[in-house]
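What follows is each chain in one-letter form.
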Amino acid sequence: DGLMSLDEFELFPIERLKVMSVIERASSRGMRHNDLSDKLEQSIKNTHLDLSDKENRRKDNISHWVLRLAFSKSEDLRRRFL
């Protein structure tokens, strides 16, 4: 039906931010691709970012656009998101 609760509006982007922080930390540590891949797989496993079904893809899309909106507030945030 296209509607979502406020809790969902807050939760979906938080899950995505957690995964993004794993990528950011791994990148800053110079983690190898295989290690990063394993770390991401663990991180994604229990979130909506596991895109194996239609509902998770909807949640992923929502979280992407909510974060784009949130990170567009300042130049610093925009650089971090991109």
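Just above, that's the structure.
Residues numbered from 1 in each chain as written. Predicted model: local features only at pLDDT ≥ 70, side-chain atom pairs only at ≥ 80, totals over all residues. Heavy atoms only, no water.

**Q** Before we go on, may I ask you to explain the overall build of the chain in this structure?
**A** When helices and strands are counted, the chain shows 4 helices and 0 strands. Reading the secondary structure of the chain in the N-to-C direction produces α-α-α-α. Dimensions of the chain, computed from the C-alpha atoms along their principal axes, are close to 40 × 35 × 15 Å. A total of 82 residues make up the chain; the buried ones form 24% of that total. Considering only residue pairs separated by 6 or more positions, the chain has 53% of its internal contacts joining residues 24 or more positions apart. (Helix = DSSP H or I, 4+ residues; strand = E, 2+ residues; numbered from the N terminus. Buried < 20%, exposed > 50% of the residue type's maximum accessible area, 1.4 Å probe, protein only. Contact = heavy atoms within 4.5 Å.)

**Q** When you look at a nonpolar patch on the surface in this model, what are you seeing that I'm missing?
**A** A cluster of nonpolar residues, Met4, Leu6 and Phe9, forms a patch on the protein surface that exposes about 280 Å² of accessible area. Owing to a relative accessible area of 60%, Leu6 belongs among the exposed residues under this scheme. (Patch = residues over 30% accessible without salt bridge, like charges linked within 9 Å, V, L, I, M, F, W, Y side chains within 5 Å. Areas by Shrake-Rupley, 256 points an atom, 1.4 Å probe, with all protein chains shown as cover. Salt bridge = Lys/Arg side-chain N within 4 Å of Asp/Glu carboxyl O.)

**Q** Would you explain the pattern of salt bridges in this entry?
**A** Pairs can form between side chains of opposite charge whenever their charged atoms are close. Applying the stated rule across the entire model yields 3 salt bridges. Between Arg58 and Glu55 there is a salt bridge; the shortest N-O distance is 2.9 Å. Placement of both Arg58 and Glu55 in helix H3 (residues 54–70) is noted, with a separation of 3 residues, approximately one turn of the helix. Exposure remark for Arg58: the relative accessible area of 27% places this residue in the partly exposed category.

**Q** Looking at this structure, I do not really get helix H1 (residues 6–28). What am I missing?
**A** Three- or four-residue spacings in an α-helix give side chains the same orientation, since the helix completes a turn every 3.6 residues. Between the first and last C-alpha of H1 there are 33 Å, a value that for 23 residues agrees with the 33 Å anticipated at 1.5 Å per step. On its buried face, H1 sits against helix H2 (33–45) and H3. Looking one or two residues past H1, Gly30 carries a phi angle of roughly 70 degrees, positive in sign. (Expected span 1.5 Å × (residues − 1).)

**Q** Sorry, what's going on with the packing of H1 against H3 here?
**A** The geometry of a pair of packed helices is captured by two quantities: the angle between their axes and the separation between those axes. In the contact formed by H1 and H3, the axes pass within 8 Å of each other and the chain directions differ by 85 degrees. Between H1 and H3, the angle falls in the class roughly perpendicular. Residues Glu8, Phe9, Phe12, Pro13, Arg16, Leu17 and Met20 of H1 lie in contact with H3, whose contacting residues are Arg58, Lys59, Asp60, Ile62, Ser63, His64, Val66 and Leu67. Grouping the constituent residues of the contact of H1 with H3 by class yields 8 nonpolar, 2 polar and 5 charged. (Axes fitted to C-alpha atoms, helices over the stretch in contact; angles between N-to-C directions. Parallel < 35°, antiparallel > 145°, perpendicular 65-115°, else oblique. Nonpolar A, V, L, I, M, F, W, Y, C, P; charged D, E, K, R; others polar.)

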